[in-house]
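Structural overview for review
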Amino acid sequence: LAAKGFGKTTTKKDTTKHERSRPLRIVDSKNTINNELDKWGLPPPTVDDIFPPLPPETELKPATKTHYTLSEIQACLKDYIDLQLHRSFDEQGTEIASSNQQQPMQLHLLHESPPVLRIDHFLSPDECHELQHLATSNNQEDCIQVESQTFPGAVSQRTSTSWFTQYAAVPQFLAKAVYRLHIPLEHMEEPQIVRYRPQQLFSWHYDEVTPQALHNGGQRLMTILVYLNTLPKSGGTLFRDLRNSQQDEPLCVQPQQGSALLFFPAFADGRPDDRTLHQGQAVGAGYEKWIVQMWIHQREYQAALPPGNLQTSAVGPIQQVARQYGYENGVEGSTL
Ligand SMILES: O=C(O)CCC(=O)C(=O)O
Ligand SMILES: [Fe+2]
């Protein structure tokens, strides 16, 4: 959402004027274009100006193995939103059995610091199909379509299509967030379904909100996105400053149907974590990429879309899913 280089006092050049006054043409730092200057006599900002490289002393700890225990995962998450994972996952990171006949979820830590987590089987294939269907059904009451959120002057380019959904229209996704990750319903931003067609992408950005938006729920503490379909290559979620466990390449999470990706745009106290700069890579020819996505705030958040969207309207539907999936057993003191 935010292009954070702006308004920060630490950027190498003052690019604030660019944001406010004219559409930006960002140039690659390696791509010098004829010393062209704008009307303020400034050269066009480069990607490095807008998303400054991390200071060399920044702590970055890639994953060093493919399997982490729950205790190890919790240690990596200690400065971030409290997910109380021990209530739903055993020491091997496997979901504690519920009666729902679905494959148990499995935690995978993809990066230690900052933590990046994948949860396989977060949604079943049927649940993934239903969410895609919800978006394409064109039911204006349940979800509202928003074309690319890129606006003139924005520094990040998003070319996909989003649908902002009613909380009550996605009870299975929310039931899992509430009963497996213990996220308070009131802190959830409106869930969004996103479709990328071939070549579409979301370029480098941070998920944190701008200071002007903090009045609504405070900072975004967690991004949860679930891939609704599998892509063999292309369309990955790429982190500029993180490395994979072999440490030979930047961390890129390949879409796998039903797998959730969790990362943390800010620490629990609301301080943004600059290490989470990421992009949704372009989708290859012949493919589409679908995700469902939600941001979790520090405090109560009030939805803007679709009109009349209230978290409380989802309580009944979520409880119904929870009963059906056997979530209430073994979850004492639920947030609902
Ligand atoms: O599509 C992706 O893989 C990432 C999407 C994303 O970063 C966003 O919507 O904020
Ligand atoms: Fe993002």
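Placed above this text is the structure.
Residues numbered from 1 in each chain as written. Chains lettered and ligands numbered in written order. Predicted model: local features only at pLDDT ≥ 70, side-chain atom pairs only at ≥ 80, totals over all residues. Heavy atoms only, no water.

**Remarks on the coordination of the iron ion (ligand 2)**
Every protein donor of the iron ion (ligand 2) is listed here as His205 (NE2), Asp207 (OD) and His278 (NE2), and their distances to the metal cover 2.1 Å. Sequence positions of the donors to the iron ion (ligand 2) reduce to the motif H-x1-D-x70-H. Here Asp207 is found in the loop between strand S7 (202-205) and strand S8 (220-227), whereas its partner His278 is found in strand S12 (residues 278-280), with 71 residues between them in sequence. Relative accessible area serves as the criterion here: at 2%, Asp207 is assigned to the buried category. (Donors = N, O, S within 2.8 Å, 3.2 Å for Na, K, Ca; no water. Helix = DSSP H or I, 4+ residues; strand = E, 2+ residues; numbered from the N terminus. Buried < 20%, exposed > 50% of the residue type's maximum accessible area, 1.4 Å probe, protein only.)

**Here we look at the side chain of Arg158**
Position of Arg158 relative to the elements: it lies in the loop between strand S4 (143-146) and strand S5 (161-165). Salt bridges are absent for the buried Arg158, whose nearest opposite-charge side chain, Asp207, sits at 7.0 Å. Polar contacts involving the side chain of Arg158 include one to the side chain of Ser160, which spans 2.8 Å. (Lys, Arg positive; Asp, Glu negative; His and termini not counted. Salt bridge = Lys/Arg side-chain N within 4 Å of Asp/Glu carboxyl O. Polar contact = N/O pair within 3.5 Å; in protein donor to acceptor, adjacent residues only side chain to side chain.)

**Some thoughts on the packing of aromatic side chains**
Summed over the entire model, instances satisfying the criterion amount to eight aromatic pairs. Among the aromatic residues, those joined into a ring-pair cluster are Tyr80, Phe264 and Phe267. Over the aromatic face of Tyr68 sits the side chain of Lys65, whose NZ or CZ is 5.0 Å from the ring centroid. Sitting over the ring of Trp295, Arg220 keeps its end group 3.7 Å from the ring centre. (Phe/Tyr/Trp six-rings, centres within 6.5 Å; stacked < 30°, edge-to-face > 60°. Lys NZ or Arg CZ within 6 Å of the ring centre and 35° of its normal.)

**Comments concerning helix H6 (residues 315-325)**
Listed as buried for H6 are Ile318, Val321, Ala322 and Tyr325. Looking straight down H6, one finds its buried side chains confined to an arc of 100°; they lie on one side. Facing away from the buried side of H6, by more than 90 degrees, are the exposed residues Gln320, Arg323 and Gln324. Residues of H6 that are buried in the fold lie against helix H4 (125-136) and helix H5 (171-181). Once H6 ends, the next one or two residues include Gly326, with phi positive near 70°. (Arc of directions from axis to C-beta. Contact = heavy atoms within 4.5 Å.)

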